[in-house]
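Each chain, written out:
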Amino acid sequence: MTNSLYVSSPVNALVQGILREDKTLQQVLEHGNFGLGTFNDLDGEMVLVDGIFYQLRSDGSALIPDLNIGTPYACVTHFSPVQSFDTLKDGTYLDLQQVIIESILSNNLIYAIRIEGTFTRIRARSVPKQDAYRPLVNVANDQKEFEYEHISGQLVGFWTPDFMHSISVPGFHLHFLSADKSHGGHLLDFVIKAGKVWLQPLDQLSLDLPHTIEYLNANLEKDNSEDLNKAEH
Ligand SMILES: [Zn+2]
C-alpha cells in the first residue's frame, strides 16, 4: 500500500469561497479510511476515522452523514502508522507539536497523525452552514467555539509542509472526535492528561482538480496563505 495523501481539491479554492464541489463522500472513501475536511456549504467539520465519516456541527454535536453528500475539500489516506509514543503528562497542544516536530524524519514530508487520550480540557470549533459564496476568512467570524473538560477521544489529521500551502492546510491540522463519537470539531487547543500518538510519513500526493464552473473560472494564482492562516488556525 502506498503512503499517499489524497486531496479532493486545492485548499486555495476553498479559501477563495468555493464552498461547493461535486465530489461525494463515497468517492473520497476510495482514497482512504482516515482524514479530515469539510462539507458542501461548510456544513460542519469532517473527520474520517476507521472508514466512517462524522459531521461535526456548529453546536459541537457529531452525526454520521449520508455518503451521497458533497465536499469542497477533504484530505484522506490509508492510515498505517509506523511510529508511536506516549504524550507528556499534562502537556499542552504546543508541547505536543514540539515533540512531534522533533521526532519526525524531515519537514519536507507529510505526516498523518492520530492522538488518543484523555483531555483535561480541549477547545474546538466548527462552522454553521453558509447559504452563499463567501471567502473563508469572512466565514471564520461565524465560527462557533466550544470547550470540553475531562473528556476522552481522538484527534485525527495531518502535518503538512508550508510549501504546499496552496494545496493543503500547512502545519498541524487536527479534528477532534470524542470517544463516544457524539462531539467534536476543528482543534484549537488542549491540555492532555495522558495519551498516545501515532505517526505515518506520507511521501506521495494525489490531487484532484474539480471541473465545476466555479472552479474552472477561479483565479487561484493569488497567494492566500494569510487568509488561510486566519481561517484554519
Ligand atoms: Zn479543520
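Our structure's up above, just so we're on the same page.
This report concerns the structure included in the present document. Residue positions are given per chain, counted from 1 along the sequence in the order it is written. Per-residue local features of the predicted model are confined to residues with pLDDT of at least 70, and side-chain atom pairs are confined, for both listing and counting, to 80 or more; whole-chain, interface and lining totals are unaffected and use all residues. Hydrogens and waters are ignored; side-chain quantities use all the structure's heavy atoms.

A few points about the overall build of the protein
And step 1. When you go through the protein residue by residue, the secondary structure sums to 6 helices and 15 strands.
And step 2. Taken against the 2.2 N^0.38 rule, which gives 17 Å for 233 residues, the C-alpha radius of gyration of the protein at 16 Å falls within 12% of a compact globule.
And step 3. Contacts in the protein between residues at least 24 apart in sequence constitute 78% of all its contacts with a sequence separation of at least 6.
And step 4. Each accessible area is a Shrake-Rupley result for a 1.4 Å probe, and residues are judged covered by the shown protein chains and nothing else. For the protein, the computed accessible surface area is about 10,400 Å², with 48% contributed by carbon and sulfur atoms.
And step 5. The average position of the 16 basic charges and that of the 30 acidic charges among the side chains of the protein differ by 5 Å. Only runs of H or I of at least four residues qualify as helices and only runs of E of at least two qualify as strands under DSSP, and these elements are numbered from the N terminus. Radius of gyration means the value over C-alpha atoms here, while the globule rule gives 2.2 Å times the residue count to the 0.38 power. When checking whether two residues touch, look at their non-hydrogen atoms; a contact exists if any pair is within 4.5 Å. Neither His nor the chain ends contribute to the count of charged residues, in which Lys and Arg are positive and Asp and Glu negative. By convention, the point assigned to a charge is CZ for Arg, NZ for Lys, CD for Glu and CG for Asp.

Topic: helix H3 (residues 93–103)
And step 1. Residue exposure (1.4 Å probe, protein chains only): buried if accessible area is under 20% of the type maximum, exposed if over 50%, otherwise partly exposed. The set of residues buried in H3 consists of Tyr 93, Leu 96, Gln 97 and Ile 100. Along the axis of H3, the buried residues cluster in a sector spanning 105 degrees; they form a single face. Turned more than 90 degrees away from the buried face of H3, the exposed residues are Leu 94 and Glu 102.
And step 2. Against the buried residues of H3 lie strand E9 (83–86), strand E10 (91–92), strand E11 (110–126), strand E13 (171–178) and strand E14 (184–202). Summarising the geometry, the arc corresponds to the directions from the helix axis toward the C-beta atoms.

A short note on the coordination of the zinc ion
And step 1. For Na, K and Ca the donor cut-off is 3.2 Å, and for all other metals it is 2.8 Å, counting N, O and S atoms only; because water is absent from this set, sites may look incomplete. Coordination of the zinc ion by the protein involves His 173 (NE2), His 175 (NE2) and His 186 (ND1), with metal-donor separations of 2.1 to 2.2 Å.
And step 2. Motif for the zinc ion, donor spacing along one chain: H-x1-H-x10-H. With His 175 in strand E13 and His 186 in strand E14, this residue pair connects regions lying 11 residues apart in the sequence. Comparing His 175 with His 186, the two get one shared label, buried.

Let's talk about the pairing of E13
And step 1. Counting buried positions along E13 yields 7 of 8 residues, so the element is predominantly enclosed.
And step 2. When strand E12 (residues 144–160) meets E13, the two strands line up antiparallel, connected through 8 bridges. Paired with Gly 157 across the strands is Leu 174, a residue of E13.
And step 3. Of the strand pairs in this sheet, E13 and E14 are connected by 3 bridges, and their pairing is antiparallel. Bridge assignment links His 175 to a residue of E14, and that residue is His 186. In short, DSSP must find at least two bridges between two strands for them to pair.

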